[in-house]
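The chain contents come next:
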Amino acid sequence: MSSQVSVNQGYNSQLPGSYPHLIPAKTLNPVSGQSNYGGSQTVSPLSNYQGPGQTLYRPPAASNPVTSSLPSVPVPRMPLPASQNPAATPMPSGSFLPGANVQPPLNWQYNYPSTGSQINHCPRSSSQPTISGNTNLTSHQYVSSGDPPLQNNLTKSGIASNTNNGSMVVHNSYDEIEGGGFLATPQYANKNPTMSRSVGYSYPSLPPGYQNTAPPSTTGMPPSSLNYSSGPQGFTQTPLGANHLTASMSGLSLHPEGLRVINLLQERNMLPSTPLQPPVPNLHEDIQKLNCNPELFRCTLTSIPQTQALLNKAKLPLGLLLHPFKDLVQLPVVTSSTIVRCRSCRTYINPFVNFLDQRRWKCNLCYRVNDVPEEFMYNPLTRVYGEPHRRPEVQNATIEFMAPSEYMLRPPQPPVYLFVFDVSHNAVETGYLNSVCQSLLDNLDLLPGNTRTKIGFITFDSTIHFYSLQEGLSQPQMLIVSDIEDVFIPMPENLLVNLNESKELVQDLLKTLPQMFTKTLETQSALGPALQAAFKLMSPTGGRMSVFQTQLPTLGVGALRPREEPNQRSSAKEIHLTPSTDFYKKLALDCSGQQVAVDLFLLSGQYSDLASLGCISRYSAGSVYYYPSYHHQQNPVQVQKLQKELQRYLTRKIGFEAVMRIRCTKGLSIHTFHGNFFVRSTDLLSLPNVNPDAGYAVQMSVEESLTDTQLVSFQSALLYTSSKGERRIRVHTLCLPVVSTLNEVFLGADVQAISGLLANMAVDRSVTASLSDARDALVNAVIDSLSAYHSSVLSSQQPGLMVPFSLRLFPLFVLALLKQKSFQTGTNARLDERIFAMCQVKNQPLVYLMLTTHPTLYRVDNLSDEGALNINDRTIPQPPILQLSVEKLSRDGAFLMDAGSVLMLWVGKNCGQNFLSQVLGVQNYALIPQTMTDLPELDTPESARIIAFISWLREQRPFFPILYVIRDDSPMKANFLQNMVEDRTESALSYYEFLLHIQQQVNK
Amino acid sequence: MAFTFAAFCYMLSLVLCAALIFFAIWHIIAFDELRTDFKSPIDQCNPVHARERLRNIERICFLLRKLVLPEYCIHSLFCIMFLCAQEWLTLGLNVPLLFYHFWRYFHCPADSSELAYDPPAVMNADTLSYCQKEAWCKLAFYLLSFFYYLYCMIYTLVSS
């Protein structure tokens, strides 16, 4: 990277001595402030690891063509995009050159002079006199991270960008990548290259991370002036809280709609025809602008009640819903030698702290006054000294830090993937091995990782089979261990092998594996011993274990017995939702301690006791996938589903040895966590693996009165090792107002978040008490909160069911929850499916949970371009959302139901000939195939519209929902109608009846 | 001055009550240890420490589980003894706790009884604070009953 290693040697003595430099103790060879981003081609951390204590100067492996061609020290400049609204501007960073420009080993060991750290400290470089405020010594490096699927091509472009002015290439590739996103504005894309050109060719522009985090306040400032303005912009932090109250008052009066009280019995059509937006906290505009995206971090009450008494009065649950590791298009990444944190509560500095003056900041969680470290005074963005409040850390509620070495005592672990396959007779019958091995073969190169990636395979029936894949073998060697009482690992060093070195052997194995067991007659399954073996194999490193199981384990430890009694399905009592053995739980805890996460793929036709098996994933922070009645011939839809989900599973981003901590302002306390993890100390979640599709929820209480504060903040910090071997910290901060009246609490309620949290609580309740208890609790939640509203807020007694506008969908969502698979009563729920649904409630992010609970229904036979979205030359029609009631359906239409993981297209009997021929490509209704999961791409506008719409829906989520085309006489029709939550079913009330029931209880 | 059965009961319960006090103190210490991780936040995030901490938690939970039955047995023994000795007042004071113990023992949410005090459940702040409060209350109860038994023992020895 850097061709200027020598620069470092002289630097200490010649610093412009105007201010002391804070050099971290461990930085024996301080890498100075830098803003390079073109990068060393990822250097293997193993080969470079020197141990933190060594002083070692050596030229880095790859030299950077940029710097070498520019002997004058490059001055990073900031080509400011013209439009600076951080929300609307497409931030280039996110998806950028994740591999190429990050130097994991370098930052980690601190003994690398490298990385083009030319600018600041080079005393002999005469070419930078223009810069006044940038001579300090911090090593800030703004790099970016990105979507795993994009990584590969991005890496290429990143490396290519070294050869010329980086920003241009970066932006070009950015256009390519971001073209698909609707954030992209063409204006910006064109603007940037020209700007960087005007700044001067010899200066590589700042990395995307900088641009990303450009302070909005500098909008329109000519780029050149930035270099000279050293601080006179003064101190203009948004006054937090000062005029917040007045703002909130005006905010209230601005939205008369939100203040409305609604009589649900009269106004029945409350479902908005566009997707429901989360409520916006009633904060000052400047603060709200910085607030965390509700998709990542959301609170059930956007106005926090001042006291616990007030919260109890409102009868609404207080809690947070998080999706902390979501794939982000834009994510500012900060590399800094010190991460600024509060000295007493260890909160990371965030946009909602108070700067008392330039040198001191007040923590917004514990109110301690902290000093601003010297290096934080310099803003690498504007290249101005004395603007700590303009730094990206203080301008972004979601930010990622590259952790310095004190955050790790052992080297970051390599990515390790172990696959455990069930190969008993039953498993071979289902034929799943073919699809899984094929998927693995296809995605072997896309597995997130680096040169250290390790992979291994274990298969089991009544014995356990290991596969030696040692480099040099001509073919994989199978080792059979038949002693399942006391499992030992034969030649452990050859079972988990480096993927790069043994790739051919691995491919060989994957090709032969499906055929190896076709003749097997072994019906027993020794899952427990196999898991123990796999755990032993992985415990030295940690990593991810993917277990494929097709039946109830019958042999060895952890053997289970069938507990389901089909006759009892209908009764809500006496069903086995709890594990029958704690073997799996204990093993999961062991796994958690060794940083191993277990993902369970259950492909079983019969009852497999998911309640017990699921514990293995639940406490080791894995995930559960369930494919009931999987069969390669009889159930092609499940095969397709498995393939699509495996594709996502194998290629998605992954974080290893992670921990997550959620902090909140003094006075609030977190008491219960929901999700897949182990709580290691009361506020620390241990997550051996973290994946971007996992959501978490927490419940909170108000411990001390919050009367003397107007704002509260919540911060989640996720520390993880990326698949490239860097230790990173992803921090989200949410800021909310505190209110003192019940009415305001109700006005700020977030009905989706409340329903999501209630669902989580109900799952717990059904496990600890019973299902009927949980159902009652759900209904009572609605009744209690609405009667609280009725008695405390409404002054006059009005007839009907009066609800605040914010809670107008609360009864509907709770009714939908009652009819969801987890909590429904009736004979059609199999126990495993119910438990899987419960696992999903706990593990899914809120958006998808709400979609599965209350699907969205569209009429699609008359799509028009009216009100359509225009994204990247594609026109995406936006049909209105319909209520989930059969009365909205009609026989001469076609309706699409989006239930999160499935899409169902119901075609009415008298559906127009036009739709049949133009969209489905069939001549008449009878010719629609019984199972149709794809729409033909026809050359008609109707077909184009619906295909555009469906693919738009699919793009919005990481998994691939399968489309079912349902005829009036299809077996799937029952599933479709089951989701019609507003209608009456044999065991559940209709929406109107439910409202009447609630009204009766409320008015009692 | 006579050595009645009641006096014997009080003497025995005095000794056993000391054991129960010890159990309660041990519970308090154990829950406190579960609650606080005496490590700096950075150390807490360290995978090596994670293992150690997890072992610790499992060990504490294992011991907690071991202590449940002895404690409940000793307390039930008290009640039986006082019933036999026809010490109605003392029995009356102990019966609420006896019922509470029965409820705790049989109202186990899981299919197998060994899941009481299982690490993932106990580590929940809600459960933990409940358990801690329970332990403090029991400590207070046992301490008071210790002195009550002492008084009763002397009283029975002197009066009869």
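Computed from a predicted model, the values in this text were never measured in an experiment.

Rules used throughout
Residues numbered from 1 in each chain as written. Chains lettered and ligands numbered in written order. Predicted model: local features only at pLDDT ≥ 70, side-chain atom pairs only at ≥ 80, totals over all residues. Heavy atoms only, no water. Contact = heavy atoms within 4.5 Å. Buried area = accessible area lost by both parts, 1.4 Å probe. Salt bridge = Lys/Arg side-chain N within 4 Å of Asp/Glu carboxyl O. Polar contact = N/O pair within 3.5 Å; in protein donor to acceptor, adjacent residues only side chain to side chain. Helix = DSSP H or I, 4+ residues; strand = E, 2+ residues; numbered from the N terminus. UniProt positions renumbered as here; feature names shortened; annotations may be inferred. Axes fitted to C-alpha atoms, helices over the stretch in contact; angles between N-to-C directions. Parallel < 35°, antiparallel > 145°, perpendicular 65-115°, else oblique. Left-handed = near helix turned anticlockwise from the far one by under 90°. Nonpolar A, V, L, I, M, F, W, Y, C, P; charged D, E, K, R; others polar. Buried < 20%, exposed > 50% of the residue type's maximum accessible area, 1.4 Å probe, protein only. Phe/Tyr/Trp six-rings, centres within 6.5 Å; stacked < 30°, edge-to-face > 60°. Lys NZ or Arg CZ within 6 Å of the ring centre and 35° of its normal. pLDDT = per-residue confidence, 0-100. Disulfide = S-S within 2.5 Å.

As a further point, take the interface of chain A and chain B. Across the contact, 38 residues belong to chain A and 32 residues belong to chain B. Summed over both sides, the interface between chain A and chain B buries roughly 3000 Å², with carbon and sulfur atoms accounting for 56% of that surface. In terms of surface lost to chain B, no three residues of chain A exceed F678(A), R680(A) and T682(A), which account for 19% of the buried area on that side. On inspection of chain A and its partner chain B, the count reaches zero salt bridges. Counting across the interface, chain A meets chain B through four residue pairs in polar contact (both at pLDDT 80 or more). Only helix 18 (583-593), strand 21 (655-664), strand 22 (668-674), strand 23 (678-681) and helix 23 (751-768) of chain A provide two or more residues apiece to the side of chain A that touches chain B. Broken down by element, the side of chain A that touches chain B gets its largest block of residues, six residues, from helix 18 of chain A.

Attention shifts here to the UniProt feature "transmembrane region" (unreviewed entry) in chain B. Here the UniProt feature "transmembrane region" (unreviewed entry) sits at residues 7-29, 74-100 and 139-158 of chain B. As annotated, residues 7-29 of chain B comprises 100% helix and 0% strand, and the C-alpha atoms at either end are separated by 33 Å.

This part takes up the packing of helix 1 (residues 5-35) of chain B against helix 6 (residues 125-159) of chain B. Residue and element names in this part refer to chain B. Look at helix 1 against helix 6: their axes get within 8 Å of each other, and the N-to-C directions meet at 160 degrees. What the angle tells us is that helix 1 and helix 6 run roughly antiparallel. Of the two elements, helix 1 crosses helix 6, and the hand of that crossing is left-handed. Class assignment of the residues belonging to the contact of helix 1 with helix 6 gives a composition of 27 nonpolar, six polar and two charged.

With that settled, the discussion passes to the side chain of Q132(B). All names here are of chain B. Turning to its location among the elements, Q132 is positioned in helix 6. Accessibility expressed as a relative area gives 11% for Q132, which makes it buried. Beyond its immediate stretch of four places on either side in the chain, Q132 contacts I28, F31, D32 and R35.

On to the packing of aromatic side chains, then. Residues and elements named next belong to chain A. Tallied over the entire structure, the rule returns 36 aromatic pairs over all chains. Taken together, a centroid distance of 5.9 Å and an interplanar angle of 15 degrees make the contact between Y432 and F548 stacked. Of this pair, Y432 sits in helix 15 (residues 432-443) while F548 sits in strand 18 (residues 543-549), placing them 116 residues apart in sequence. Of the two residues, Y432 and F548, neither departs from the other in class, the shared state being buried. The rings of F419, F421, Y432, F457, F548, F601, Y625 and Y649 are connected pair by pair, giving a single aromatic cluster. Residue placement shows R341 over the ring face of Y348; its charged tip is 4.2 Å from the ring centre.

Moving on to the confidence of the model for chain B. Residues and elements named next belong to chain B. Averaged over chain B, the pLDDT score is 83; the fraction of residues at 70 or greater is 86%. Across residues 110-114, where pLDDT falls below 50, the model places 12 contacts with residues more than four positions away in sequence or in other chains. In the predicted complex, the global pTM is 0.77; the interface-specific ipTM is 0.83.

This next bit is on the UniProt feature "domain: Gelsolin-like" (unreviewed entry) in chain A. Those residues carrying the UniProt feature "domain: Gelsolin-like" (unreviewed entry) are residues 876-950 of chain A in this numbering. This span, residues 876-950 of chain A, is 24% helix and 19% strand, and a straight line between its end C-alpha atoms measures 9 Å.

So, about the state of the cysteines. Where two cysteines share a covalent bond between their sulfur atoms, that bond is called a disulfide. Residue and element names in this part refer to chain B. Inspection of every chain in the model, using the stated rule, returns zero disulfides over all chains. Sulfur of C9: no disulfide; nearest cysteine sulfur belongs to C84 and is 7.3 Å away. This cysteine, C73, is not joined by any disulfide, and C79 carries the nearest cysteine sulfur, 12 Å off. Under the relative-accessibility criterion, C73 is labelled partly exposed at 45%.

Moving on, we get to the UniProt feature "domain: Sec23/Sec24 beta-sandwich" (unreviewed entry) in chain A. Annotation from UniProt places "domain: Sec23/Sec24 beta-sandwich" (unreviewed entry) at residues 655-739 of chain A. Between the C-alpha atoms that bound residues 655-739 of chain A the distance is 38 Å, and the span itself is 0% helix and 71% strand.

Here we come to unusual backbone geometry. All names here are of chain A. Even without glycine at this site, K315 takes up a positive phi of about 60 degrees. Residue classification places K315 among the partly exposed residues on the basis of a relative accessible area of 46%. If you check the backbone angles, R346 has positive phi at about 65 degrees while not being a glycine. For R346, the position within the fold is in the loop between strand 6 (332-335) and strand 7 (354-357).

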